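For reference, the chains in residue letters:
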Amino acid sequence: MSNPVFNNSAVFGEPKNRRGGAATQAAPAYGSPPAQGQGPAYGTPPQGAQWGAYGAQTADAAQLDAMYSAPSATTADTKRLTYDDVIMKTGGLLALLVVVGAASWYLTPQMPFLYLLGAIAGLVLGLVNAFKRNPSPALIIAYTVAQGLFLGGISLAFGTMTVGNGGNLTDIVFQAVLATVATFAAALFLFRSGKVRVTPKFTRWLLIAMVGYLAFSLVNVVLVLFGVLDGWGMRGGTIGIVVGLIAVGLAAASLIVDFDSIKRGVEAGVPAKFAWSAAFGLMVTLIWLYLEFLRLFAILQSSD
């Protein structure tokens, strides 16, 4: 699993990766006798009860007819996770992200520290939400607000950089948003069509590649901060463009793994509240994908 949000989840993760180690022991089949020492002998009535007196009274014919005529319960009726739940939660969070990001875009020139606070708060809230057993809608919404502050400010900074290279202030942001939406749609299409299957080998190689990319990025940041390299560091020029394309590919592959995790949760009938966890996991990957496109287009602009 690549996304830590789904990887650390007790309901979305692969059975062998879920908290608690091995999968929970399956319950005995319906109608089978209980294990020795766990209950009365099979076929005997409960202590102090007589046959026919245990449980609810027998329903009459009219009640039985009404029960059989009633429509089958859906996942919504049973408060189980549905794709609609995930879509609604994700759409709401994305709308909030855009609104806060637009506000941050206009406020950052007057308050340049705003997006830095958003970056720090987003990192902390992201880690907290990723390792919570049960989703907290308030914390997930707070994470979205923090990331909106960060994205608005960082988008303005990248847009300002492109102006010096003959670009338009909003062009790079529009291109990054459009590319993110297109990549999301393409990843969803490939997953739904079955052309890309999430196998253990697929997730293993994705994890190795992401760890390698993370190590490369950390080394590059350290070298730039300490003045060993300037500008984009090792991410400038042709190498930077290649690395950017690889990062976009990793984020797109992570989206496909996220879709598979959500599908697993829906098919397992997990509680509906975990739609917040699914939406949060998708937000983490989409924000990463947007930032990679933003950086890639800025590097392309600066190399013109």
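Residues numbered from 1 in each chain as written. Predicted model: local features only at pLDDT ≥ 70, side-chain atom pairs only at ≥ 80, totals over all residues. Heavy atoms only, no water.

- Per an unreviewed UniProt entry, the chain goes by the name Bax inhibitor-1/YccA family protein and belongs to Cellulosimicrobium funkei.

### Section: a nonpolar patch on the surface
1) Next: On the surface, a cluster of nonpolar side chains totalling about 550 Å² of accessible area is made up of V221, V222, L225, F226 and V228.
2) Next: Within the secondary structure layout, V221 lies in helix α7 (residues 200-225). (Patch = residues over 30% accessible without salt bridge, like charges linked within 9 Å, V, L, I, M, F, W, Y side chains within 5 Å. Areas by Shrake-Rupley, 256 points an atom, 1.4 Å probe, with all protein chains shown as cover. Salt bridge = Lys/Arg side-chain N within 4 Å of Asp/Glu carboxyl O. Helix = DSSP H or I, 4+ residues; strand = E, 2+ residues; numbered from the N terminus.)

### Some thoughts on helix α4 (residues 114-130)
1) Next: With 17 residues, α4 should reach 24 Å at 1.5 Å per residue; the first-to-last C-alpha distance of 24 Å fits that figure.
2) Next: Residues of α4 that are buried: L114, Y115, G118, G122, L125, G126, N129 and A130. Seen along its axis, α4 keeps its buried residues to an arc of 120°; they face one direction. Pointing more than 90 degrees away from the buried face of α4 are the exposed residues I120 and L123. (Expected span 1.5 Å × (residues − 1). Buried < 20%, exposed > 50% of the residue type's maximum accessible area, 1.4 Å probe, protein only. Arc of directions from axis to C-beta.)

### Section: the pattern of salt bridges
Pairing of side chains with opposite charge becomes possible as their charged atoms draw close.
1) Next: Applying the stated rule across the entire model yields two salt bridges.
2) Next: Between E292 and R295 there is a salt bridge, with the nearest N and O atoms lying 3.1 Å from each other. Of this pair, E292 and R295 are both found in helix α9 (residues 275-302), three residues apart, which corresponds to roughly one turn of the helix.
3) Next: When its relative accessible area of 3% is taken as the criterion, E292 is described as buried.
4) Next: We classify R295 as partly exposed; its relative accessible area is 23%.

### A few points about helix α3 (residues 83-107)
1) Next: With 25 residues, α3 extends 36 Å from end C-alpha to end C-alpha; this agrees with the ideal 36 Å at 1.5 Å per step.
2) Next: The complete set of buried residues in α3 reads V86, T90, L93, L97, V100, G101, S104 and W105.

### So, the packing of aromatic side chains
One pair of aromatic rings is described through two measures. These are the centre distance and the angle between the planes.
1) Next: A complete count under the given rule lists five aromatic pairs for this structure.
2) Next: When the ring of F184 is compared with that of F259, the centres are 5.5 Å apart and the planes differ by 80°; the resulting orientation is edge-to-face. In this pair, F184 is assigned in helix α6 (residues 171-193) and F259 in helix α8 (residues 237-268), connecting sequence segments 75 residues apart.
3) Next: Relative to F259, the ring of F191 lies with its centre 6.0 Å away and its plane at 45°, an arrangement referred to as tilted. Taken as a pair, F191 in helix α6 and F259 in helix α8 lie far apart in primary sequence, 68 residues in all. Side by side, F191 and F259 carry an identical accessibility label, which is buried.
4) Next: Grouped by ring-pair contacts, the aromatic residues F184, F191 and F259 constitute a single cluster. (Phe/Tyr/Trp six-rings, centres within 6.5 Å; stacked < 30°, edge-to-face > 60°.)

### Side note on the environment of L289
1) Next: Topologically, L289 is positioned in helix α9.
2) Next: Judged by relative accessible area, which is 0%, L289 ranks as buried.
3) Next: Sequence separation of L289 and L255 is 34 residues, and the distance between their C-alpha atoms is 9.2 Å.
4) Next: Each residue touching L289, except ones within four places of it in the same chain, is listed here: T180, T183, V248, A251 and L255. (Contact = heavy atoms within 4.5 Å.)

### Things to note about the UniProt feature "transmembrane region" (unreviewed entry) in the chain
1) Next: UniProt records the feature "transmembrane region" (unreviewed entry) for residues 86-107, 113-131, 138-160, 172-193, 205-229, 241-262 and 274-291 in the present numbering.
2) Next: Segment residues 241-262 splits into 100% helix and 0% strand. End C-alpha atoms: 32 Å apart. (UniProt positions renumbered as here; feature names shortened; annotations may be inferred.)

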